[in-house]
Amino acid sequence: MSSIAQQHTSSFSVRDLDLKLKQVRLAHPEQSLPSPPSSDSGSSSPQQESEESYFLRSLKECLAIYEELSRPRSASLALLSDEEVIMLANNGNIATYALEKLFGMDQLERAVRIRRAIISRASSTGTLEYSSIPYESYNYSRVLGACCENVVGYIPIPLGIAGPLTVDGKQYPIPMTTAEGTLVASTSRGCKALNAGGGVSTVLVGDAMTRGPAIDFPSAIQAGKAKAWIDSDEGHKALREAFESTSRFAKLKSLKTAIAGRTLYVRFATTTGDAMGMNMIPKGTEKALEVMQQRFPEMIVLALSGNYCTDKKPAAINWIEGRGKSVVAEAVVPGHIVKTVLKTTVRDLCNLNIKKNLMGSAMAGSIGGFNAHAANILTAIFLATGQDPAQNVESSMCMTLMEPTGHNGEDLLVSVTMPCIEVGTVGGGTVLAPQQGVLDMLGVRGAHPQQPGQNAQTLARIIASAVLAGELSLLSALAAGHLIRAHMAHNRSQVNTPAASVPVTPGAGFVSRG
């Protein structure tokens, strides 16, 4: 055999042949042979995929099977191979977004697999179908209709545990889902320092989720009359009764109104039990507005959310009034721990905190950003416990304070004030099994059986305390000059940057960016 022929043969693979055959079948389905019925199992074996490569019925035959009225659509799809279903979808006979509904609850993984193939083959790269993005062995029944649409798989992110950290006299592991090296280890160092002083004490100063609809009136005068009625005892009572009729957990705590021209904004603030509340509160708001419209028929509800809430956007109203759980976490760190564990001094920490977190943030015009990296810790815990990660925008609003305390000011008093921690232990991403496992580990899964809302409040306390640990560790590293050195050693990908790195015991070298 010539060298040219050898070179050509060595570059050919079975997968190349398989892909070529698929291209031919999709282009000329009328030349294909009938295929046997597909397996009832969610995933296909290599042998099944190989068989599908050689048997494909015509579009007309597949359409006749699919549209047979004597059986459910799910039963008809069970008689078709994956490639035949893909052919029907590409021909417009099956909506890709509706595959789960058509296949039924026992074939959800197959629906995901087929959607991957359809999207992959229509894309410019064609890589999704055989990519390393996993899709098998996942409970898609918990996702359907609750967490995501057009599902093609899931993204695993590393889960680490910082701590444990003593919060209000009880120890908790701190779950953190992150791809940032040093973050978990740095937070652990902060936990160690806080535990040495007896742990963290927290106080819940507020608990109310908000929704702020925008309402138009024909004139500013009429908008003003509506505002006056809402602010009156009569109006407040009428709206509260209507609002609370929609849920046994929703208890209206306050109504705040504001006018811009002829548009009225009303900020409903309510308790929501152990739910974060964004599905619960619109129902109450809509019911209250119906009652209001009976008194002011000329009003027009522009939007249930008029950005006066405010959700997933930085806003001074959240910073001042609070949204979700408002928590203050506080601790005293002994002076000798500051020196031996944190490798700095009380004086240097307090000075840095003023110049960086308070003055620096003020110079930048920050709203609620008077901290070093609260969003780092909060978002990592949000991902681990099934919270809405987009709500880190307001939830990570935080003011970190440090001052000398004790005899001759040798100890450190440190606190974080977080007015907008938006969390829940029921609904949303908390229905997913891995996230439920994390909530189980913390002892806050689901609704509290005796005191509605206590599980979500406990989670908020844990988050604020973990943020305190992260703040303490990072500021100590900055004060001691350890930040860059730690990241050069421990936060460089060994895949993309083949630099030598030797793991060491968590200590001053483990810090996070801020």
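Residues numbered from 1 in each chain as written. Predicted model: local features only at pLDDT ≥ 70, side-chain atom pairs only at ≥ 80, totals over all residues. Heavy atoms only, no water.

1. Focus: the packing of helix α16 (residues 374-385) against helix α19 (residues 454-480)
Okay, so step 1: The N-to-C vectors of α16 and α19 enclose an angle of 140°; their axes lie 8 Å apart at closest approach. Considering their axes alone, α16 and α19 lie oblique with respect to each other. As for the relative orientation of α16 and α19, their crossing is right-handed in sense. Counting all contacts with α16, which are made through Ala 374, Ile 377, Leu 378, Ile 381, Phe 382 and Thr 385, the residues of α19 involved are Leu 459, Ile 463, Ala 466, Val 467, Gly 470 and Glu 471.
Okay, so step 2: The residue inventory of the contact of α16 with α19, partitioned by class, reads nine nonpolar, two polar and one charged. (Axes fitted to C-alpha atoms, helices over the stretch in contact; angles between N-to-C directions. Helix = DSSP H or I, 4+ residues; strand = E, 2+ residues; numbered from the N terminus. Parallel < 35°, antiparallel > 145°, perpendicular 65-115°, else oblique. Left-handed = near helix turned anticlockwise from the far one by under 90°. Contact = heavy atoms within 4.5 Å. Nonpolar A, V, L, I, M, F, W, Y, C, P; charged D, E, K, R; others polar.)

2. Focus: the pattern of salt bridges
Okay, so step 1: Tallied over the entire structure, the rule returns 19 salt bridges.
Okay, so step 2: Across the pair Asp 168 and Arg 461 runs a salt bridge whose closest N-O atoms are separated by 3.9 Å. Note that Asp 168 is positioned in the loop between β1 (159-167) and β2 (170-177) and Arg 461 in helix α19, a separation of 293 residues in sequence.
Okay, so step 3: Relative accessible area serves as the criterion here: at 40%, Asp 168 is assigned to the partly exposed category. (Salt bridge = Lys/Arg side-chain N within 4 Å of Asp/Glu carboxyl O. Buried < 20%, exposed > 50% of the residue type's maximum accessible area, 1.4 Å probe, protein only.)

3. Brief notes about the nonpolar core
Okay, so step 1: Membership of the largest hydrophobic core comes to 53 residues, with the highest contact counts inside it found for Leu 194 and Leu 412.
Okay, so step 2: Here this core takes twelve residues from α19, the largest share from any one element.
Okay, so step 3: What Leu 194 contacts, discounting residues up to four positions off in sequence, is Leu 165, Gly 199, Val 200, Ala 331, Val 333, Val 414, Ser 465, Leu 468, Ala 469 and Leu 472.
Okay, so step 4: By size, the runner-up hydrophobic cluster in this structure holds 22 residues, among which are Ile 215, Ile 230, Leu 252 and Leu 264. (Core = buried A, V, L, I, M, F, W, Y, C linked by side-chain atoms within 4.5 Å.)

4. Side note on the packing of aromatic side chains
Okay, so step 1: Here the structure, examined in full by the defined rule, presents seven aromatic pairs.
Okay, so step 2: Ring geometry for Phe 243 against Phe 268: centres 5.8 Å apart, planes inclined by 15°, an arrangement best described as stacked. A residue pair is termed long-range when its members are at least 10 positions apart, and Phe 243 in helix α11 (residues 233-244) and Phe 268 in strand β6 (residues 263-271) qualify at 25 residues.
Okay, so step 3: Residue Phe 243 is classed as buried on the basis of its relative accessible area, which comes to 0%.
Okay, so step 4: Taking 6.0 Å as the distance between ring centres and 50° as the angle between the ring planes, the aromatic pair formed by Tyr 265 and Tyr 308 counts as tilted. Here Tyr 265, found in strand β6, pairs with Tyr 308, found in the loop between β7 (300-303) and α13 (316-321); they are 43 residues apart in sequence, far enough to count as distant.
Okay, so step 5: You can call Tyr 308 buried: its relative accessible area is 15%.
Okay, so step 6: Following the ring pairs from residue to residue traces out a cluster consisting of Tyr 138, Tyr 140 and Tyr 154. (Phe/Tyr/Trp six-rings, centres within 6.5 Å; stacked < 30°, edge-to-face > 60°.)

5. Quick look at the pairing of β1
Okay, so step 1: Looking at chain direction, β1 and β2 are connected through seven bridges and run antiparallel. Its bridge partner lying in β2, Leu 165 is registered against Tyr 172.
Okay, so step 2: Turn length for the β1-β2 hairpin, with the two strands adjacent in sequence and antiparallel, is two residues, and the turn residue Asp 168 shows positive phi of about 55°. (Pairing = 2+ DSSP bridges.)

6. So, the layout of surface pockets
Okay, so step 1: Approximately 1,200 Å³ is the volume found for the largest pocket.
Okay, so step 2: Contributing to the lining of the largest pocket are 39 residues, with Cys 147, Gly 386, Gly 429, Leu 432 and Gln 435 lying nearest its centre.
Okay, so step 3: For the lining of the largest pocket, the secondary-structure elements that each account for two or more residues are α16 and α18 (433-442).
Okay, so step 4: For the lining of the largest pocket, the class distribution of residues is 25 nonpolar, 13 polar and one charged. (1 Å grid on protein atoms, 1.4 Å probe; cavity = no way out; pocket = protein on both sides within 12 Å on 5 of 7 lines; lining within 4 Å. Points joined across faces, edges and corners; volume = space filled by probe spheres on them.)

7. So, the packing of α11 against helix α12 (residues 281-295)
Okay, so step 1: Direction vectors running N to C along α11 and α12 enclose 135°, while the axes themselves pass 8 Å from each other. Here α11 is positioned oblique relative to α12, judged by the angle of their axes. Both α11 and α12 take part in a crossing whose hand is right-handed. Within the contact between the two elements, α11 uses Glu 234, Ala 238, Leu 239, Ala 242 and Phe 243 and α12 uses Ile 281, Gly 284, Thr 285, Lys 287, Ala 288, Val 291, Met 292 and Arg 295.

8. Let's talk about the side chain of Arg 57
Okay, so step 1: Within the secondary structure, Arg 57 is located in the loop between α3 (46-52) and α4 (59-66).
Okay, so step 2: Judged by relative accessible area, which is 11%, Arg 57 ranks as buried.
Okay, so step 3: From its side chain, Arg 57 meets the backbone oxygen of Leu 79 in a polar contact 2.8 Å long. (Polar contact = N/O pair within 3.5 Å; in protein donor to acceptor, adjacent residues only side chain to side chain.)

9. Thoughts on the confidence of the model for the protein chain
Okay, so step 1: Across the protein chain, the average pLDDT comes to 89, with 83% of residues at or above 70.
Okay, so step 2: Across residues 26-43 the pLDDT falls below 50, and counting only partners more than four positions away or on other chains, this stretch makes 42 contacts in the model.
Okay, so step 3: Note that pLDDT drops below 50 for residues 498-510; the model gives that stretch 24 contacts with residues more than four away or on any other chain. (pLDDT = per-residue confidence, 0-100.)

10. Considerations on the environment of Phe 296
Okay, so step 1: With respect to the helices, strands and loops of the structure, Phe 296 is situated in the loop between α12 and β7.
Okay, so step 2: Look at Phe 296 and you get buried, because its relative accessible area is 9%.
Okay, so step 3: In sequence terms Phe 296 and Gln 222 are 74 residues apart; their C-alpha atoms lie 8.7 Å from each other.
Okay, so step 4: With residues near it in sequence (within four places) discarded, Phe 296 still touches Phe 217, Lys 225, Ala 226 and Trp 229.

11. Points about the pairing of strand β3 (residues 201-211)
Okay, so step 1: Alignment of β3 against strand β8 (residues 324-333), held across seven bridges, turns out to be antiparallel. Paired with Gly 206 across the bridge in β8 is Ser 326.
Okay, so step 2: Where β3 and β6 come together, three bridges link them in antiparallel fashion. Its bridge partner being in β6, Met 209 is matched across the sheet by Thr 270.

12. A closer look at the environment of Ala 288
Okay, so step 1: Note that Ala 288 resides in helix α12.
Okay, so step 2: Residues Ala 288 and Leu 239, spaced 49 residues apart in sequence, show a C-alpha to C-alpha distance of 4.9 Å.
Okay, so step 3: In contact with Ala 288, not counting residues within four places along its chain, are Leu 239, Ala 242, Phe 243 and Phe 268.

13. Examining α16
Okay, so step 1: The terminal C-alpha atoms of α16 lie 17 Å apart, and with twelve residues this matches the ideal 16 Å at 1.5 Å per residue to within 8%.
Okay, so step 2: Of all twelve residues making up α16, nine are buried, and the element is well covered by its neighbours. (Expected span 1.5 Å × (residues − 1).)

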